[in-house]
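# Observations on chain architecture
Next come the chains, spelled out residue by residue.
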Amino acid sequence: MTEPFRKRMAKAAERSPVVLALDPPVDRKNLKQFAVKTVEAVAEHVCAVKINFHLLLPLSARETSEITGLGHSHGLQCIADIKLNDIEHTNEIALHHLVRMGFDAVIANPFMGSGELDELVQKAHEMDAGVIALVYMSHPGAKEGYGLKLNSKSLYHVFLDRALRADADGIVVGATQTEIMKQVMRKKKRQGFSLPVYSPGVGAQGGDIAKAIKSGSDYLIVGRSIVEADDPARAAREIQAKALSCR
Ligand code: BMP
């Protein structure tokens, strides 16, 4: 029987907690070649590859499957980042297509509603896939959404509760949001649950590796600092070393 996504990630992360955001710049040509070269160059320094619209839109399903297959051949988990947020039926169809393309997990937005998130997680688990739920994004405008208050409770607390109730496999909290991460860490300790925290935002968005990890981040999602470096392998190795030294 296949191990659950959460366990597969934990195993892959023994060597590195870095998730590669495989995001080419907009003017990049030969996207498949870019993806293959980048994955091969950095594979030993990361635990997973996250693929966003940067590749999902221009590449064919077959090309995307080849990239997820390449990731798997290097022991990497593959995460589809489309921040899924639709009606239950549409979510399920998107999930089917993504799993068929070799993805191990999808990122979803709990804004869709708790019932819909519950269903999505259940369907994903039936397919040996995982769901990572947004709780608080990394960009400055995140406070205008995730930080909104509803009857004195902030939306991100509602999203965290939905992720927990749905048995999601992880949550996204931006590496730039260390205060929020600390709140999540305290809540985890108080209530005794474990829910891995995925943090984008180190490097290009100004987040700091050590601060993110100390504040409770389990996985660092890194794109431009690796992908656009002169030497992606070296950049990934340095980020991996720094992250491992902070554990
Ligand atoms: P970079 O390291 O280049 O800033 O890339 C971050 C990646 O993580 C991008 O793919 C972005 O879409 C994604 N992301 C993010 O930056 N903040 C979030 O809160 C959630 C994300 O998925």
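The notes below deal with the structure included here. (Residues numbered from 1 in each chain as written. Predicted model: local features only at pLDDT ≥ 70, side-chain atom pairs only at ≥ 80, totals over all residues. Heavy atoms only, no water.)

Our focus in this paragraph is the layout of surface pockets. Of the voids in this model, the largest pocket is the one considered here, and its volume is about 400 Å³. Along its surface, the largest pocket is lined by 23 residues, and Asp-23, Lys-50, Ser-138, Pro-200 and Gln-205 are the ones closest to its centre. Of all the secondary structure elements, the ones that give two or more residues to the lining of the largest pocket are β3 (77-84), β10 (219-222) and α10 (224-227). Here the lining of the largest pocket is composed, by residue class, of 10 nonpolar, eight polar and five charged. Considered as a void within the structure, the second largest pocket measures approximately 170 Å³ in volume. As for the second largest pocket, its lining consists of 13 residues, and the residues nearest its centre are Pro-4, Phe-5, His-125, Ala-129 and Asp-169. Ranked by residue count, the leading element in the lining of the second largest pocket is helix α1 (residues 5-12), at three residues. Counted by class, the lining of the second largest pocket contains four nonpolar, three polar and six charged residues. (1 Å grid on protein atoms, 1.4 Å probe; cavity = no way out; pocket = protein on both sides within 12 Å on 5 of 7 lines; lining within 4 Å. Points joined across faces, edges and corners; volume = space filled by probe spheres on them. Helix = DSSP H or I, 4+ residues; strand = E, 2+ residues; numbered from the N terminus. Nonpolar A, V, L, I, M, F, W, Y, C, P; charged D, E, K, R; others polar.)

A word on the packing of helix α5 (residues 88-100) against helix α6 (residues 114-126). Two elements in contact, α5 and α6, have axes separated by 10 Å at closest approach and are oriented at 25°. One way to sum up the angle between α5 and α6 is to call them roughly parallel. As α5 packs across α6, the resulting crossing turns out to be right-handed. Contact residues: Glu-88, Asn-91, Glu-92 and Leu-95 in α5; Glu-116, Glu-119, Leu-120, Lys-123 and Ala-124 in α6. Here the residues of the contact of α5 with α6 are counted per class, giving three nonpolar, one polar and five charged. (Axes fitted to C-alpha atoms, helices over the stretch in contact; angles between N-to-C directions. Parallel < 35°, antiparallel > 145°, perpendicular 65-115°, else oblique. Left-handed = near helix turned anticlockwise from the far one by under 90°. Contact = heavy atoms within 4.5 Å.)

Another point: the site of the ligand. Taken together, 14 residues sit near the ligand, with Asp-23, Lys-50, Ser-138, Gln-205 and Arg-224 positioned nearest. Taking Lys-50, its side chain carries an N or O atom lying 2.8 Å from an oxygen atom of the ligand. When the free accessible area of the ligand is taken as 480 Å², the share hidden by the protein chains comes to 91%. Cavity membership is defined here by more than half of the atoms lying within 2 Å of grid points; on that basis the ligand lies in the largest pocket. Going through the elements one at a time, β3 and β10 are the ones with two or more residues in the shell around the ligand. Of the residues in the shell around the ligand, the class split is five nonpolar, four polar and five charged. (Near = heavy atom within 4 Å. Polar contact = N/O pair within 3.5 Å; in protein donor to acceptor, adjacent residues only side chain to side chain. Areas by Shrake-Rupley, 256 points an atom, 1.4 Å probe, with all protein chains shown as cover. Sits in = over half its atoms within 2 Å of the grid points.)

Before going further, it helps to examine the state of the cysteines. With the rule as written, the count across this model stands at zero disulfides. There is no disulfide at Cys-246, and the cysteine sulfur nearest it, in Cys-47, is 15 Å away. (Disulfide = S-S within 2.5 Å.)

Read around the closed barrel, the eight strands follow the order β1-β2-β3-β4-β5-β8-β9-β10; overall the barrel is parallel. The sheet shows a mean angle of 30° between the axes of neighbouring strands, direction not considered. In terms of strand pairing, strand β1 (residues 18-21) meets strand β2 (residues 48-51) through three bridges, oriented parallel. Bridge pairing links Val-19 to Ala-48 in β2. (Pairing = 2+ DSSP bridges.)

Now for the side chain of Ser-138. Here Ser-138 shows up in the loop between β5 (130-136) and β6 (149-150). Within the local environment of Ser-138, its side chain forms a polar contact with the side chain of Gln-205, the two groups lying 2.7 Å apart. The contact partners of Ser-138, leaving out residues within four places of it in the chain, are Gly-174, Thr-176, Gln-177, Pro-200, Gly-201 and Gln-205.

Grouped together as the largest cluster of nonpolar side chains are 89 residues, with contacts concentrated most on Val-19, Leu-22, Ile-79, Ile-171, Val-173 and Tyr-198. Among the elements that line this core, the one with the most residues is helix α7 (residues 155-166), at seven residues. Other than its neighbours up to four places away in sequence, Tyr-198 contacts Phe-5, Met-9, Val-19, Ile-79, Ile-132, Asp-169, Gly-170, Ile-171, Val-172, Val-173, Tyr-219 and Ile-221. (Core = buried A, V, L, I, M, F, W, Y, C linked by side-chain atoms within 4.5 Å. Buried < 20%, exposed > 50% of the residue type's maximum accessible area, 1.4 Å probe, protein only.)

This brings us to helix α11 (residues 232-245). Look at α11: 20 Å from first C-alpha to last across 14 residues, which is about the 20 Å you get at 1.5 Å a residue. Residues Pro-232, Ala-233, Ala-235, Ala-236, Ile-239, Gln-240 and Ala-243 constitute the buried set of α11. Each buried residue of α11 lies within a common arc of 160° when the element is viewed along its axis, so the set occupies one face. (Expected span 1.5 Å × (residues − 1). Arc of directions from axis to C-beta.)

Okay, the pattern of salt bridges next. Under the criterion given, the structure shown has 14 salt bridges. Of the charged contacts in the structure, one is a salt bridge between Lys-182 and Glu-179, with a shortest N-O distance of 3.7 Å. With Lys-182 and Glu-179 both in helix α8 (residues 178-191), this residue pair falls three residues apart, about one helical turn. For Lys-188, the salt bridge identified is with Asp-218, shortest N-O distance 3.7 Å. Of the two residues, Lys-188 is situated in helix α8 and Asp-218 in the loop between α9 (209-214) and β10; the sequence distance between them amounts to 30 residues. By sharing partners, the salt bridges in this structure join Lys-50, Asp-81 and Lys-83 into a single network. (Salt bridge = Lys/Arg side-chain N within 4 Å of Asp/Glu carboxyl O.)

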